Amino acid sequence: MKTTVKNFAIALVAGVFTFSTVLASEPIGKKDESKTASKRTFNVGMYRVINSMKVNVLIEKQDGKALDITLRNDRNEIIYSEVVGKQTNKFSKKFDLTGLSDGKYRFEISNGKEVISKEVNLETHAPTPAEYRSVEVK
């Protein structure tokens, strides 16, 4: 009888520690992130094409709401604007930024209520001349 009670007490204590460890291991910000992600009606992904001045913008959204895509410069002037239709679920476009001058630009994707903003920094690096050595043979 004593061993049964002792084993039960040990199992109960081990269970409490295991349960408290599981509760403590959950990230604090995860709950807030999942709530906002589930409320969001569209998602945006952006990536740069390697060795070019092109940026791919990928959008996945629910039916029923149109999206506005705008590209703005650092003075908040609209450089480009496009509307994604209500019936489109997935949208992708490759933006060629070679004609733009150096500076900060911002893609804004909005459905009227929600806005997702992504920044792009264009910076031209002037090529540095390599050191030249000459050899003279006499």
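The coordinates are above.
The rules we used
Residues numbered from 1 in each chain as written. Predicted model: local features only at pLDDT ≥ 70, side-chain atom pairs only at ≥ 80, totals over all residues. Heavy atoms only, no water. Helix = DSSP H or I, 4+ residues; strand = E, 2+ residues; numbered from the N terminus. Pairing = 2+ DSSP bridges. Polar contact = N/O pair within 3.5 Å; in protein donor to acceptor, adjacent residues only side chain to side chain. Contact = heavy atoms within 4.5 Å. Salt bridge = Lys/Arg side-chain N within 4 Å of Asp/Glu carboxyl O. Buried < 20%, exposed > 50% of the residue type's maximum accessible area, 1.4 Å probe, protein only. Phe/Tyr/Trp six-rings, centres within 6.5 Å; stacked < 30°, edge-to-face > 60°.

1. Observations regarding unusual backbone geometry
Excluding glycine, residues mostly have negative phi values, and the peptide bonds linking residues are mostly trans.
Link 1 in the chain: Of note, N51 is a non-glycine position whose phi angle comes to about 55°, a positive value.
Link 2 in the chain: Here N51 lies in the loop between β1 (42-48) and β2 (54-61).
Link 3 in the chain: With phi around 65°, N76 is a residue other than glycine that occupies positive phi space.
Link 4 in the chain: Within the fold, N76 resides in the loop between β3 (67-72) and β4 (78-84).

2. Examining the pairing of β1
Link 1 in the chain: Both β1 and β2 contribute to a ladder of 7 bridges, which runs antiparallel. Of the residues in β2, the one forming a bridge with M46 is V57.
Link 2 in the chain: In this structure, the hairpin formed by β1 and β2 is closed by a connection of 5 residues, where N51 is found at a positive phi of approximately 55°.

3. Some points on the side chain of N111
Link 1 in the chain: If you trace the backbone, N111 turns up in the loop between β6 (103-110) and β7 (115-122).
Link 2 in the chain: Within the local environment of N111, its side chain forms a polar contact with the backbone nitrogen of E114, the two atoms lying 2.7 Å apart.
Link 3 in the chain: Once you skip the residues sitting within four places of it in the chain, N111 turns out to touch T41, F42, K65, A66 and L67.

4. Digging into the pattern of salt bridges
Link 1 in the chain: Summed over all chains, the structure comprises 6 salt bridges.
Link 2 in the chain: In this structure, R106 engages E108 in a salt bridge whose closest nitrogen and oxygen atoms are separated by 2.7 Å.
Link 3 in the chain: Given a relative accessible area of 19%, E108 falls into the buried group.
Link 4 in the chain: Residues joined in a network through salt bridges with shared partners are R72, R106 and E108.

5. Thoughts on the packing of aromatic side chains
Link 1 in the chain: According to the stated counting rule, one finds 2 aromatic pairs in the structure shown.
Link 2 in the chain: Measuring from ring centre to ring centre gives 5.3 Å for Y80 and F95, while their planes differ by 80°; the resulting arrangement is edge-to-face. In this pair, Y80 is assigned in strand β4 and F95 in strand β5 (residues 90-96), connecting sequence segments 15 residues apart.
Link 3 in the chain: Here Y80 falls in the partly exposed class, since its relative accessible area comes to 26%.
Link 4 in the chain: Judged by its relative accessible area of 6%, F95 is buried.
Link 5 in the chain: Counting every residue linked through ring pairs, the aromatic cluster contains Y80, F95 and F107.

6. Some points on the side chain of S52
Link 1 in the chain: Here S52 is to be found in the loop between β1 and β2.
Link 2 in the chain: Since its relative accessible area comes to 19%, S52 is described here as buried.
Link 3 in the chain: At a separation of 2.9 Å, a polar atom in the side chain of S52 contacts the main-chain carbonyl oxygen of V49.
Link 4 in the chain: At 3.3 Å, the side chain of S52 forms a polar contact with the backbone nitrogen of K54.

These results come straight from atomic positions and should not be treated as a statement about function.
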